[in-house]
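Notes for the structure review
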Amino acid sequence: MSDISASEYISRQDELEQEARELMPWEPKTCTYEMGPLKQSVFACRSHKNIGLCYSCSIQCHTKCDIVELFTKRHFTCDCGTERDNQEPGEEGFRCQLRKNRESDVPSLTNRYGQNFRGLFCECEKEYDPDSNDTMIQCVLGTECNEDWYHDSCMGKKIPPLESFDAYICWKCAKKYDYYLKRIISHPLGEKIVAHTLAHGVEEDKEDSKPTSGMKRSANEVDSQHNNDEYSIFLKEGFSEKLGELKDSIEDHNDKLYLFLNDLVPFLIKDEPVYEPADDGEDAPDDLVSNVLRNAMHREQAIAGISAFNALKMKLNEFLKPFAETGNVVKEEDIKSFFQRPEETSK
Ligand SMILES: [Zn+2]
Ligand SMILES: [Zn+2]
Ligand SMILES: [Zn+2]
Ligand SMILES: [Zn+2]
Ligand SMILES: [Zn+2]
């Protein structure tokens, strides 16, 4: 084993198992396709046209793919093994290894694909960086931004402290529903719902809009006007309950605000729980973890939460460094041994 000691090796295994346990809360054996649109953890496959996969399919079906974890999306149906999925059938001819369909299934018509499915997040359109100190917050409304994630530093100047709010509505979604949100803000219950509003990009515009020429000036004026009415909203803890009270206080059920709360964004009042399979108690997590680690060399991608995957890659690089330094050739067995659990610790 080159110059890595057995104890180092085993402690690395322990760390990997710990990571895998965090990433694999349950055994990946059920595709959610047949359950239709769900609020669930979604994984984008960048090797197959940026489709969205359920948790189990990201592990079992698209094993060698470039997978990006998107965390939860509402109302999403798994694309694995549908006409949208151009992955070649597996050895046994199945399109989805879990549903075992030989013909491609009909894909969902209601799935929405924002930039997250290309691995890009926030207004700055960057890939997720696990080493960054930025906090990322998902837009709770999400109808315009496809539930995008935003760096706190990209939200605007003077971001309120994280502990002072419970949820965030981005300026794109706020702009779309400006009429309704302004009514909520000015409602007597508004102060129990909204913690802060934050103008989007205003200060920057003041700097930019120093006119240098007539042409430029008019372009910038449009821009700054455009940005001035863009604002994000930070919601207080308990906002759902108070929004429910607000809705119930509207007697006219044809009132636009009532219809907005009742029909368009009911999830702001009562959110659907994130899908989890029923616990059948069959698989102890320890067995699951060692199964996964024992499985195959491509599993490093299968257990790819974005941050943990990168941590794993770093550890693998560390593991491989001695080989590089001594000029020894790395064999497949060496990589496998990195992912395999030592025999004596498994039953
Ligand atoms: Zn699936
Ligand atoms: Zn794939
Ligand atoms: Zn599948
Ligand atoms: Zn950003
Ligand atoms: Zn949004």
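Everything below is about the structure printed above this text.
Residues numbered from 1 in each chain as written. Chains lettered and ligands numbered in written order. Predicted model: local features only at pLDDT ≥ 70, side-chain atom pairs only at ≥ 80, totals over all residues. Heavy atoms only, no water.

Overview of the overall build of the protein
- When you go through the protein residue by residue, the secondary structure sums to 14 helices and 8 strands.
- Across the 347 residues of the protein, 46% fall into the buried class.
- Look at the contacts in the protein between residues 6 or more apart in sequence, and 72% of them connect residues 24 or more apart.
- For the protein, the exposed area adds up to about 18,800 Å²; of that, 48% sits on carbon and sulfur atoms. (Helix = DSSP H or I, 4+ residues; strand = E, 2+ residues; numbered from the N terminus. Buried < 20%, exposed > 50% of the residue type's maximum accessible area, 1.4 Å probe, protein only. Contact = heavy atoms within 4.5 Å. Areas by Shrake-Rupley, 256 points an atom, 1.4 Å probe, with all protein chains shown as cover.)

Brief notes about the sheet that holds strand β2 (residues 51-54)
- As summarised here, the arrangement of the 3 strands in space is β2-β1-β3, forming an open sheet in which the pairing is antiparallel. The open sheet is flanked by β2 and β3 (67-76), the only strands paired with a single partner. Averaged over all pairs of adjacent strands, the angle between their axes in this sheet comes to 45°, without regard to strand direction.
- Pairing between strand β1 (residues 38-45) and β3: 6 bridges, direction antiparallel. Along β3, the bridge assignment pairs Phe43 with Glu69. (Pairing = 2+ DSSP bridges. Axes fitted to C-alpha atoms, helices over the stretch in contact; angles between N-to-C directions.)

Thoughts on unusual backbone geometry
- Of note in the backbone geometry, Lys49 takes a positive phi value of approximately 55° without being a glycine.
- Among the residues examined, Lys49 registers a relative accessible area of 53% and is labelled exposed.
- Positioned with a positive phi, Lys158 is a non-glycine residue whose angle comes to about 55°.
- Residue classification places Lys158 among the exposed residues on the basis of a relative accessible area of 70%.

So, the packing of helix α4 (residues 178-186) against helix α9 (residues 256-264)
- In contact at an axis separation of 10 Å, α4 and α9 are set at 100° when each is read in the N-to-C sense. By the angle between their directions, the pair α4 and α9 is classed as roughly perpendicular. Taken together, the residues of α9 that come into contact with α4 (itself represented by Tyr179, Tyr180, Arg183 and Ile184) are Lys256, Leu257, Phe260 and Leu261.
- Classifying every residue of the contact of α4 with α9 by side-chain character gives 6 nonpolar, no polar and 2 charged. (Parallel < 35°, antiparallel > 145°, perpendicular 65-115°, else oblique. Nonpolar A, V, L, I, M, F, W, Y, C, P; charged D, E, K, R; others polar.)

Here's the deal with helix α8 (residues 239-248)
- Taken together, the buried positions of α8 are occupied by Phe239, Leu243, Gly244, Leu246 and Lys247. End-on view of α8: buried residues confined to an arc of 160°, all on one side of the axis. The outward face of α8, more than 90 degrees from its buried face, is lined by the exposed residues Glu241 and Asp248.
- Where the residues of α8 are buried, they touch β6 (167-169), α4, α5 (190-193), β8 (231-235), α9 and α10 (266-269). (Arc of directions from axis to C-beta.)

What to know about the environment of His48
- Tracing the chain through its elements places His48 in the loop between β1 and β2.
- Classification of His48 by relative accessible area gives buried; the value is 13%.
- Linking His48 and Gln87, residues 39 residues apart in sequence, is a C-alpha distance of 6.4 Å.
- Those residues in contact with His48, other than ones at most four positions away along the chain, are His62, Cys65, Asp85, Asn86 and Gln87.

Some remarks on α4
- For α4, the set of buried residues is Tyr180, Leu181 and Ile184. Buried residues along α4 cover an arc of 95° about the axis, so they all sit on one side.
- Tucked into the core, α4 has its buried residues touching β6, α3 (171-176), α5, β8, α8 and α9.

Some details on the pattern of salt bridges
- Enumeration over the complete set of coordinates arrives at 12 salt bridges.
- The residue Asp271 makes a salt bridge to Lys39 at a minimum N-O spacing of 2.6 Å. Residue Asp271 is located in the loop between α10 and α11 (285-295), and its partner Lys39 is located in strand β1; the two are separated by 232 residues in the primary sequence.
- By relative accessible area, which is 33% here, Asp271 ends up partly exposed.
- Exposure remark for Lys39: the relative accessible area of 10% places this residue in the buried category.
- Among the charged side chains, a salt-bridge network with shared partners connects Lys39, Arg74, Glu147 and Asp271. (Salt bridge = Lys/Arg side-chain N within 4 Å of Asp/Glu carboxyl O.)

Quick word on the packing of aromatic side chains
- Going through the model one piece at a time under the given rule, you end up with 13 aromatic pairs.
- Ring geometry for Tyr113 and Phe117: centres 5.0 Å apart, planes at 70°, overall edge-to-face.
- Judged by centre distance (5.2 Å) and plane angle (45°), the rings of Tyr177 and Phe260 are tilted. Residue Tyr177 is found in the loop between α3 and α4, and its partner Phe260 is found in helix α9; the two are separated by 83 residues along the sequence. The pair formed by Tyr177 and Phe260 is uniform in burial state, with each residue classed as buried.
- Among the aromatic residues, ring-to-ring pairing joins Tyr150, Phe165, Tyr168, Trp171 and Phe234 into one connected group.
- Looking at Arg99, its charged tip hangs above the ring of Tyr33, at a distance of 4.2 Å from the centre. (Phe/Tyr/Trp six-rings, centres within 6.5 Å; stacked < 30°, edge-to-face > 60°. Lys NZ or Arg CZ within 6 Å of the ring centre and 35° of its normal.)

Let's talk about the sheet that holds β6
- Spatially, the 3 strands line up as an open sheet ordered β6-β8-β7, and their pairing is antiparallel. Looking at strand neighbours, the two that pair on one side only are β6 and β7 (194-199), the edges of this open sheet. Sheet twist, expressed as the mean angle between neighbouring strand axes with direction ignored, is 20°.
- Pairing analysis gives 3 bridges linking β6 to β8, with the strands arranged antiparallel. Its bridge partner lying in β8, Tyr168 is registered against Phe234.

Don't take any of this as a statement about function, it's just geometry.
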